[in-house]
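Observations on the model geometry
The chain contents come next:
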Amino acid sequence: LRKELLHGTLEIMILKTLSWGPMHGYGVGRWIEQLSDAALRIEEGSLYPALYRLERKGWIEAEWGVSEKNRRAKYYRLTVEGRRQLRAGAGTWAEFARAVGQVLSATEQPVQS
Amino acid sequence: MGDFRRRYRPLWGPDVGGDVDEEFAFHVEERTEALIAAGLDERAAREEAIRGFGDIERVKASCLDLTRARQESMRRRERLGELRRGRRARARHRALADGVRWQSSSGQSLSDEVQRAASFELLYVKEITSSVLDRLLNLLLCNCGHPHRGQLEALEKKVGWKPDGSKDRVQASTRLQTIFHGDAARELEDQYAWKLQHPYELF
């Protein structure tokens, strides 16, 4: 469950960053880091397998291009299916986070049934 | 990857391993520059950038496995698509050949609309024999001439079409009547949807 949860969370964050436009793997990692105020630093060892997993699922597609510094880079973009998955996944994640938050912020012991 | 190999890559197909290496190298370069800008010296910055990958060979192997699996499923989909396209093309050719034979034997000309409908029909019907096709063309041609109900029934009788029940009969007649009187494409699509549920029946 833990592995699936981590995979799912990382994948949904990647899909979210790519919803703004095509980006290379390094840029995706940087965006996640910036958006989380440096609270989330995605290790490259997790980031790239996640990108390849998403590509295999058909949620993103890749194309070689040239970066701002004129280097050859592999750019990922969201597919139509990826955008659909992002919408579904974001909803599920928000529901999950709300439920966990509700449990953790509880101040009274539940009633014994 | 060298420029030569990149330029002539189409000659020997994609170099998956080389692509992963190049992608990781790009990442290391970008990260090294960012760390240098943050105050690290070049050697420490490069070591830190590489360290982020952990066991880089394991990560690379994982990415390669996923790429190969993706390529294999793409190849499978393409093969399946070719098979389907081939089957549809054969059906289409057979339909047109049979249609032309029927046309010359009956002495009547088929309108474009009828030919298009017959081709469309043949694309989605799994198995169809010449006699079924003849019945289909007869029915379509009859309807194309805006027949009244009696003419339609007479033709259906002539071509030996015996629907199972009165409900089917009404449904078939209504369908025939509407195909060429309304928006042809839309009606054909409706017909196709119905046909999928009854692939071996003629209307």
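Everything here concerns the structure above.
Summary of the structure given here. Treat the numbers as computed from the prediction; the structure is a model and nothing was measured.

1. Quick look at the overall build of chain B
When helices and strands are counted, chain B shows 10 helices and 0 strands. For chain B, the succession of helices and strands along the chain, N to C, is α-α-α-α-α-α-α-α-α-α. For chain B, with 203 residues in total, the buried portion stands at 37%. By sequence separation, contacts in chain B at least 24 residues apart represent 53% of the contacts at least 6 residues apart. When the accessible area of chain B is evaluated, it comes to approximately 12400 Å², of which 52% is carbon and sulfur surface.

2. Observations concerning the pattern of salt bridges
Residue and element names in this part refer to chain B. Evaluated as defined, the whole model comprises 20 salt bridges over all chains. Glu 47 is the partner of Arg 43 in a salt bridge, and the nearest nitrogen-oxygen pair spans 3.4 Å. Of this pair, Arg 43 and Glu 47 are both found in helix H4 (residues 42–51), 4 residues apart, which corresponds to roughly one turn of the helix. For Arg 43, a relative accessible area of 65% gives the class exposed. Among the residues examined, Glu 47 registers a relative accessible area of 48% and is labelled partly exposed.

3. Here's the deal with empty space enclosed by the protein
Per the counting criterion, the structure on display carries 2 cavities of 30 Å³ or more. Its volume calculated, the second largest cavity comes out at about 50 Å³. Around the second largest cavity, the lining residues are Tyr 26, Gly 29, Arg 30, Glu 33, Arg 41 and Glu 44 of chain A together with His 27 and Arg 31 of chain B. For the lining of the second largest cavity, the secondary-structure elements that each account for two or more residues are helix H2 (25–35) of chain A together with helix H3 (16–37) of chain B. Tallying contributions element by element places H2 of chain A first for the lining of the second largest cavity, with 4 residues. The residue makeup of the lining of the second largest cavity, split by class, is 1 nonpolar, 2 polar and 5 charged.

4. Things to note about the environment of Arg 46 of chain B
All names here are of chain B. Note that Arg 46 resides in helix H4. Residue Arg 46 is classed as partly exposed on the basis of its relative accessible area, which comes to 27%. Separated by 14 residues in the primary sequence, Arg 46 and Thr 32 place their C-alpha atoms 5.1 Å from one another. Residue contacts for Arg 46: discarding those within four places in its chain leaves Val 28, Glu 29 and Thr 32. Within the structure, Arg 46 has its side chain in polar contact with the side chain of Glu 29 (distance 2.9 Å).

5. Structural notes on the pairing of strand E2 (residues 60–66) of chain A
Residues and elements named next belong to chain A. For E2 and strand E3 (residues 72–78), the ladder comprises 7 bridges, and the chain directions are antiparallel. Bridge assignment links Ile 60 to a residue of E3, and that residue is Leu 78. Here E2 folds back onto E3, and the loop between the two strands holds 5 residues, one of which, Asn 70, carries a positive phi near 65°.

6. Thoughts on a nonpolar patch on the surface
Residues and elements named next belong to chain A. A contiguous nonpolar patch, built from Trp 93, Phe 96, Val 100, Val 103 and Leu 104 and spanning about 510 Å² of accessible area, is present on the exposed surface. Take Leu 104: it is sitting in helix H4 (residues 80–104). Under the relative-accessibility criterion, Leu 104 is labelled exposed at 70%.

7. Digging into the sheet that holds E3 of chain A
In any sheet, the strands associate via hydrogen bonds between backbone groups, in a parallel or an antiparallel arrangement. If you walk across this open sheet you meet the 3 strands as E1-E3-E2 (chain A), and the pairing is antiparallel. Two strands in the sheet have a free side with no partner beyond their single neighbour: strand E1 (23–24) and E2 of chain A. Packing of H3 of chain B onto the sheet brings it into contact with E1, E2 and E3 of chain A, and relative to E3 of chain A it is tilted by some 95°.

8. Remarks on H2 of chain A
Among all positions of H2 of chain A, only Gly 25, Tyr 26, Gly 27, Val 28, Gly 29, Ile 32 and Glu 33 of chain A are buried. Of the residues flanking the end of H2 of chain A, it is Asp 37 of chain A, one or two places downstream, whose phi is positive at about 55°.

9. Considerations on the packing of aromatic side chains
Evaluated as defined, the whole model comprises 5 aromatic pairs over all chains. On the basis of an interplanar angle of 90° and a centroid distance of 6.3 Å, the ring pair of Trp 20 of chain A and Trp 31 of chain A is categorised as edge-to-face. With Trp 20 of chain A in the loop between helix H1 (2–18) and E1 and Trp 31 of chain A in helix H2, this residue pair connects regions lying 11 residues apart in the sequence. Owing to a relative accessible area of 52%, Trp 20 of chain A belongs among the exposed residues under this scheme. Aromatic pair Phe 24 of chain B and Phe 53 of chain B: ring centres 4.7 Å apart, planes at 40°, arrangement tilted. A residue pair is termed long-range when its members are at least 10 positions apart, and Phe 24 of chain B in helix H3 and Phe 53 of chain B in the loop between H4 and helix H5 (56–106) qualify at 29 residues. By relative accessible area, Phe 53 of chain B is classed as buried at 1%. A cation sits over an aromatic face here: Lys 57 of chain A above Trp 59 of chain A, 4.6 Å from the ring centre. The ring centre of Trp 64 of chain A lies 4.3 Å from the NZ or CZ of Arg 72 of chain A, which sits over that ring.

Quick notes on the rules
- Residues numbered from 1 in each chain as written.
- Chains lettered and ligands numbered in written order.
- Predicted model: local features only at pLDDT ≥ 70, side-chain atom pairs only at ≥ 80, totals over all residues.
- Heavy atoms only, no water.
- Helix = DSSP H or I, 4+ residues; strand = E, 2+ residues; numbered from the N terminus.
- Buried < 20%, exposed > 50% of the residue type's maximum accessible area, 1.4 Å probe, protein only.
- Contact = heavy atoms within 4.5 Å.
- Areas by Shrake-Rupley, 256 points an atom, 1.4 Å probe, with all protein chains shown as cover.
- Salt bridge = Lys/Arg side-chain N within 4 Å of Asp/Glu carboxyl O.
- 1 Å grid on protein atoms, 1.4 Å probe; cavity = no way out; pocket = protein on both sides within 12 Å on 5 of 7 lines; lining within 4 Å.
- Points joined across faces, edges and corners; volume = space filled by probe spheres on them.
- Nonpolar A, V, L, I, M, F, W, Y, C, P; charged D, E, K, R; others polar.
- Polar contact = N/O pair within 3.5 Å; in protein donor to acceptor, adjacent residues only side chain to side chain.
- Pairing = 2+ DSSP bridges.
- Patch = residues over 30% accessible without salt bridge, like charges linked within 9 Å, V, L, I, M, F, W, Y side chains within 5 Å.
- Axes fitted to C-alpha atoms, helices over the stretch in contact; angles between N-to-C directions.
- Phe/Tyr/Trp six-rings, centres within 6.5 Å; stacked < 30°, edge-to-face > 60°.
- Lys NZ or Arg CZ within 6 Å of the ring centre and 35° of its normal.

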